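# Coordinate inspection notes
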Amino acid sequence: MACVVAPSGQACGATVSGVDLSRPLDASEVADIRAAWLEHKVLAFPDQSLTDDDLERFTLAFGPFGADPFFSGLDGHPNIAVISRLADETSSLFAENWHADWTFQEFPPDGTCLYGKVIPPQGGDTLYTNQQAALDAMPADLRAQIEHVVGIHSARGGYAPDGTYGDADADDRSMKIMPSEDAYAVQTHPIIRIHPETGAETMYSTLGYIIGLEDVEPNEARSILRELAAWQTREEFQYRHRWEPNMLVMWDNRCVLHRATGGYDGYDRILHRTTIGYNPDVRTGTVDDELRTL
Ligand code: SIN
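Residues numbered from 1 in each chain as written. Predicted model: local features only at pLDDT ≥ 70, side-chain atom pairs only at ≥ 80, totals over all residues. Heavy atoms only, no water.

### Topic: the nonpolar core
Of all hydrophobic cores here, the largest spans 30 residues; its most connected members are Val42, Phe71, Phe94, Tyr128, Tyr159 and Val249. Discounting chain neighbours no more than four positions away, the residues touching Val42 are Cys12, Gly13, Ala14, Tyr128, Tyr239, Val249, Met250, Trp251 and Val256. Ala36, Phe45, Tyr115 and Leu248 belong to the second largest nonpolar core, which has 23 residues in total. (Core = buried A, V, L, I, M, F, W, Y, C linked by side-chain atoms within 4.5 Å. Buried < 20%, exposed > 50% of the residue type's maximum accessible area, 1.4 Å probe, protein only. Contact = heavy atoms within 4.5 Å.)

Pasting the structure below:
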């Protein structure tokens, strides 16, 4: 049976039914899911009873595993990270700021898969914001400030020894995060990029992982990035994802931002996550073409 795709009615996101992800997908199912993913940017697959092997096999149907720095993977499944917060945990919420995943890498992941294992009865939604829609609707004066501008990305705010998850982090964080001096490294990417598969213009990442702008004085860069972040995350560009146990979500890291939300104190929340790495096979141009600003 062909899969059925129901759009969320919000700025992105769709629910997919009629496919069983606990068995290997055939080529036409992979093609259908990829097409829906590119169109809707965030896909939710409810009622999927998946083992860690199934999650890995699904991920590999869409690209190689991405490298997950700063996470210690699951025993026996090094490419699966456990995203968890336990009922009595006092640590700050993980990933509460808007971001795209691992944009401080030279070749950041194309996407992320997140599978709900233990979902609280309330709260814990994941928010997404569509960066293609945000760019399409952007006022010309704001766009002029980021046209041909290159962002400087770094993981230091989160994962350096003096970052959020570094030496001063709460002792009871259940997630296995490994802060490192490596987080001080920087990597550049244009703010406006061409999506390598759809050819659409989109914005890439936001304040947080973007710590500055190339050839822009730091104070001015911070002011542009703050104004930009306010636009990127406006409610009209958002999709609010409500979790259910046994639901798999995959998002296109190249054109959405996301963030975690709280509201589930007193309940466990546990998800298994993989990253779909940079996939040269789906790219038609050279790397320079893909990353160019228009
Ligand atoms: C993440 O950013 O990987 C986690 C999102 C969430 O926990 O909702």
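Having seen the structure, we can now continue with the description.
### Examining the side chain of Arg283
Mapped onto the elements, Arg283 comes out in the loop between β15 (269–276) and α7 (287–291). Arg283 gets classed as buried once you look at its relative accessible area, which sits at 11%. For Arg283, the side chain forms a polar contact with the side chain of Asp110, separated by 2.9 Å. Polar side-chain contacts of Arg283 include one of 3.1 Å to the backbone oxygen of Asn279. (Helix = DSSP H or I, 4+ residues; strand = E, 2+ residues; numbered from the N terminus. Polar contact = N/O pair within 3.5 Å; in protein donor to acceptor, adjacent residues only side chain to side chain.)

### What to know about the site of the ligand
In the vicinity of the ligand, the contacting residues are Ile83, Ala95, His99, Thr126, His258, Ala260, Arg269 and Arg273. Within the side chain of His99, a nitrogen or oxygen atom sits 3.4 Å from an oxygen atom of the ligand. Compared with its free state, where it exposes 260 Å², the ligand has 99% of that area covered by protein. (Near = heavy atom within 4 Å. Areas by Shrake-Rupley, 256 points an atom, 1.4 Å probe, with all protein chains shown as cover.)

### Remarks on the sheet that holds β15
The strand order across the open sheet formed by seven strands is β1-β2-β3-β13-β5-β15-β4, and the pairing between neighbours is mixed. Edge positions in the open sheet fall to β1 (4–7) and β4 (81–85), since each of these has one partner strand only. Neighbour to neighbour, the strand axes of the sheet diverge by 25° on average, direction disregarded. Note that strand β3 (residues 42–45) and strand β13 (residues 248–252) share four bridges and pair antiparallel. For Ala44, the partnering residue across the bridge sits in β13 and is Val249. On the sheet, helix α2 (residues 52–60) packs against β3, β5 (111–118), β13 and β15 and is oriented at approximately 35° with respect to β15. (Pairing = 2+ DSSP bridges. Axes fitted to C-alpha atoms, helices over the stretch in contact; angles between N-to-C directions.)

### A few points about the packing of aromatic side chains
As enumerated under the stated definition, the model contains 18 aromatic pairs in all. The interplanar angle of 70° and the centroid separation of 6.5 Å between the aromatic rings of Phe70 and Trp102 together place this pair among those described as edge-to-face. Here Phe70 is found in the loop between α2 and β4, whereas its partner Trp102 is found in the loop between β4 and β5, with 32 residues between them in sequence. On the basis of relative accessibility, which here comes to 8%, the residue Phe70 falls in the buried class. An aromatic cluster of at least three residues, connected via ring pairs, comprises Phe70, Phe71, Phe94, Trp102, Phe104, Tyr159, Tyr165 and Tyr209. (Phe/Tyr/Trp six-rings, centres within 6.5 Å; stacked < 30°, edge-to-face > 60°.)

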